[in-house]
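The residues making up each chain are set out below.
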Amino acid sequence: MHMTGVYERELRSVLAGERKGIVAITRSCTEVERARAMQVCQRPFLVVRAPGSGSEGTGDILALRGDMCMPIEVKTSKTDKIYLSGRTKDQYDALKTTGERCGLLPLYAFRLKGVRGDSWRVMKVPVEGLTGKLRVLSRSIPNVPLTRNGSPYLNWHDGMPLHRFLALISRSDGARAIEKSANFEEISRRIQDSRSLSETSPSGDYSLSVESPDRDRKSTRLNSSHSSVSRMPSSA
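Residues numbered from 1 in each chain as written. Predicted model: local features only at pLDDT ≥ 70, side-chain atom pairs only at ≥ 80, totals over all residues. Heavy atoms only, no water.

(A) Quick look at the pattern of salt bridges. The full count for this structure, using the stated rule, is 7 salt bridges. Arg 49 is paired through a salt bridge with Glu 8; the nearest N and O atoms lie 2.8 Å apart. One end of the pair, Arg 49, is in strand β1 (residues 46–49); the other, Glu 8, is in helix α1 (residues 5–15), and 41 residues separate them in sequence. Taking the relative accessible area as the measure of exposure, Glu 8 reaches 7% and is therefore buried. (Salt bridge = Lys/Arg side-chain N within 4 Å of Asp/Glu carboxyl O. Helix = DSSP H or I, 4+ residues; strand = E, 2+ residues; numbered from the N terminus. Buried < 20%, exposed > 50% of the residue type's maximum accessible area, 1.4 Å probe, protein only.)

(B) Expanded view of the sheet that holds strand β8 (residues 160–161). Reading across the sheet, the 6 strands line up as β1-β2-β3-β5-β6-β8 and stay open at both edges, with mixed pairing between neighbours. Sheet topology places β1 and β8 at the edges, where each strand pairs with a single neighbour. Running over the sheet, α1 touches β1, β2 (61–65), β3 (68–77), β5 (107–112) and β6 (120–124) and is turned about 0° from β2. (Pairing = 2+ DSSP bridges. Contact = heavy atoms within 4.5 Å. Axes fitted to C-alpha atoms, helices over the stretch in contact; angles between N-to-C directions.)

(C) Region of interest: the packing of aromatic side chains. Evaluation of the coordinates by the stated rule reveals 2 aromatic pairs. The interplanar angle of 10° and the centroid separation of 5.3 Å between the aromatic rings of Tyr 83 and Tyr 153 together place this pair among those described as stacked. Taken together, the residues span a long stretch of sequence, with Tyr 83 in strand β4 (residues 81–83) and Tyr 153 in strand β7 (residues 153–155) at a distance of 70 residues. Relative to Tyr 108, the ring of Tyr 92 lies with its centre 6.4 Å away and its plane at 20°, an arrangement referred to as stacked. Here the residue Tyr 92 occupies a position in helix α4 (residues 87–102), and Tyr 108 occupies one in strand β5, the gap between them amounting to 16 residues. No difference in accessibility class separates Tyr 92 from Tyr 108, as the two residues are buried. Its end group placed over the ring of Phe 45, Arg 65 keeps NZ or CZ at 4.4 Å from the ring centre. Here the basic side chain of Arg 121 rests over the ring of Trp 156, its NZ or CZ set 3.9 Å away from the ring centre. (Phe/Tyr/Trp six-rings, centres within 6.5 Å; stacked < 30°, edge-to-face > 60°. Lys NZ or Arg CZ within 6 Å of the ring centre and 35° of its normal.)

Structure below.
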């Protein structure tokens, strides 16, 4: 369950906008997913390994760019859930404290081993008092989920795919552009879900009849003409 140096270097390479690193992690992704991930090449981060990695709220790496600063705790596992207890729970608490004290957005990057496609998921530690782009960005990134007892844990399926995260933070400097990008990503996801539903459904069950505007206008004119003729008095 513990992160090894190779996966940490993998993520650092991607966030730094190194093309070779992005190609490596998207080898089994779709062309669309790869194109989204490649956007970070135009808006790379300065990525440094945090001193005292993994302790005192620093995370494993720090991603810096403009007015964005994100301490990132990196985890990897062969299973899709990681429960935080003891030292790992202390790391979570320290990330939250640091984020609120310094106005930073702490993140977890969770790599699931043995899966094809995008194997990374991103989720945030919820903090109060964020401003500017980080505040807008935080609205689109899912929180670290909680167990029934209210304890934080990592669920790979609840995180944001890394290629979507990279596209989200690479669109523009402006907070408004980030918000629009998040809305676009959500709309695109819903369209893809709708297409998948129609492809797997029996023919005709979910079909929609769409009339062309020209046909609608012609129909309206005919109905109006018919009504006018019906209201004319008959000649003696």
